[in-house]
Amino acid sequence: MPRNIEIKAHIESIEALEPAVAALATQGPVQISQDDTFFRCDGGRLKLRAFSATEGELIYYRRANEQGPKESFYIRSPTASPDSLREALTLAYGQAGRVVKRRTLYLVGRTRLHLDRVEGLGDFLEIEVVLQDLEPAESGEREAHALMNRLGIQSSSLVEIAYVDLLARAAR
């Protein structure tokens, strides 16, 4: 199963951080609209990510809710019919939440840097270091920490839970 190391941080603004991210990037920026629907799932997270009416992907993943770098295991499956798949999964499992965001993607080598503007939450940076098969998680954690430091991200800005959980917390 593919793995990565993830860090999520709340940032003041995308506009303030983007020049530093662009200076490190080997590729990007790519603008991506994402509409993520989460479904009830006992053994991890199951979400349908719609990019458009004719493009999306079903993603299952497991990761701990903790601050700082965390290992994530995931499987992605593309779909050309996200709306009907959302309806079927909603009927089968029930929805657990929805997250709509505008993502700006940059690549720094094997690492994905996401500048996310999340409806109802604000601006965030996500760092995803894609691990090779059998590569120790610690090497990805070191890489993620180094990028955090180069971008001036303080540990006090780190977020331990998913956007969908932040939105649920804000709604309470």
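Just so we're clear, the structure is a prediction, and the values are computed from it rather than from any experiment.

What counts, and at which threshold
Residues numbered from 1 in each chain as written. Predicted model: local features only at pLDDT ≥ 70, side-chain atom pairs only at ≥ 80, totals over all residues. Heavy atoms only, no water. Helix = DSSP H or I, 4+ residues; strand = E, 2+ residues; numbered from the N terminus. Rg over C-alpha atoms; globule rule 2.2 N^0.38 Å. Core = buried A, V, L, I, M, F, W, Y, C linked by side-chain atoms within 4.5 Å. Buried < 20%, exposed > 50% of the residue type's maximum accessible area, 1.4 Å probe, protein only. Contact = heavy atoms within 4.5 Å. Expected span 1.5 Å × (residues − 1). Pairing = 2+ DSSP bridges. Phe/Tyr/Trp six-rings, centres within 6.5 Å; stacked < 30°, edge-to-face > 60°. Lys NZ or Arg CZ within 6 Å of the ring centre and 35° of its normal.

**Examining the overall build of the protein**
Next up, step 1: Within the protein, the secondary structure is distributed over four helices and eight strands.
Next up, step 2: Along the chain direction, N to C, the helices and strands of the protein fall in the order β-α-β-β-β-β-α-β-β-β-α-α.
Next up, step 3: Whereas a compact globule of 172 residues would reach a radius of gyration of roughly 16 Å, the protein reaches 16 Å, a difference of no more than 12%.
Next up, step 4: For the protein, the C-alpha atoms occupy an extent of roughly 45 × 35 × 35 Å along the three principal directions.

**Side note on the nonpolar core**
Next up, step 1: With 23 residues, the main nonpolar core has L17, L113, L115, L125, I127, L151 and I153 as its most contacted residues.
Next up, step 2: Taken together, the elements giving at least two residues each to this core come down to β1 (3-10), α1 (14-24), β6 (95-108), β7 (111-118), β8 (122-130) and α3 (137-150).
Next up, step 3: The contact partners of L17, leaving out residues within four places of it in the chain, are I11, L115, L125, L151 and I153.
Next up, step 4: Residues I59, V159, I161 and V164 belong to the second largest nonpolar core, which totals 13 residues.

**Focus on α3**
Next up, step 1: Between its terminal C-alpha atoms α3 stretches 20 Å, which fits the 20 Å expected from 14 residues at 1.5 Å a residue.
Next up, step 2: If you check which residues of α3 are buried, you get A137, S139, G140, A144, L147 and M148.
Next up, step 3: In this structure, the buried residues of α3 make contact with β1, α1, β5 (70-79), β6, β7 and β8.
Next up, step 4: Of the residues flanking the end of α3, it is G152, one or two places downstream, whose phi is positive at about 70 degrees.

**Describing the pairing of β6**
Next up, step 1: By the bridge criterion, eleven bridges tie strand β2 (residues 27-39) to β6 in an arrangement that is antiparallel. Of the residues in β6, the one forming a bridge with Q27 is L107.
Next up, step 2: Direction of pairing for β6 relative to β7: antiparallel, over a ladder of eight bridges. Bridging across to β7, R102 finds its partner in R117.

**Some words on the environment of Q27**
Next up, step 1: By secondary structure assignment, the location of Q27 is in strand β2.
Next up, step 2: C-alpha of Q27 to C-alpha of V108: the two residues are 81 residues apart in sequence and 6.9 Å apart in space.
Next up, step 3: Sequence-distant contacts of Q27, defined by excluding residues within four places in its chain, comprise Y106 and L107.

**Description of the environment of S13**
Next up, step 1: Mapped onto the elements, S13 comes out in the loop between β1 and α1.
Next up, step 2: Since its relative accessible area comes to 18%, S13 is described here as buried.
Next up, step 3: In this structure, the C-alpha to C-alpha distance between S13 and D116, residues 103 residues apart in sequence, is 9.6 Å.

**Notes on the packing of aromatic side chains**
Next up, step 1: Counted under the stated rule, the structure contains one aromatic pair.
Next up, step 2: Positioned above the aromatic ring of F73, the side-chain terminus of R62 is 5.3 Å from the ring centre.

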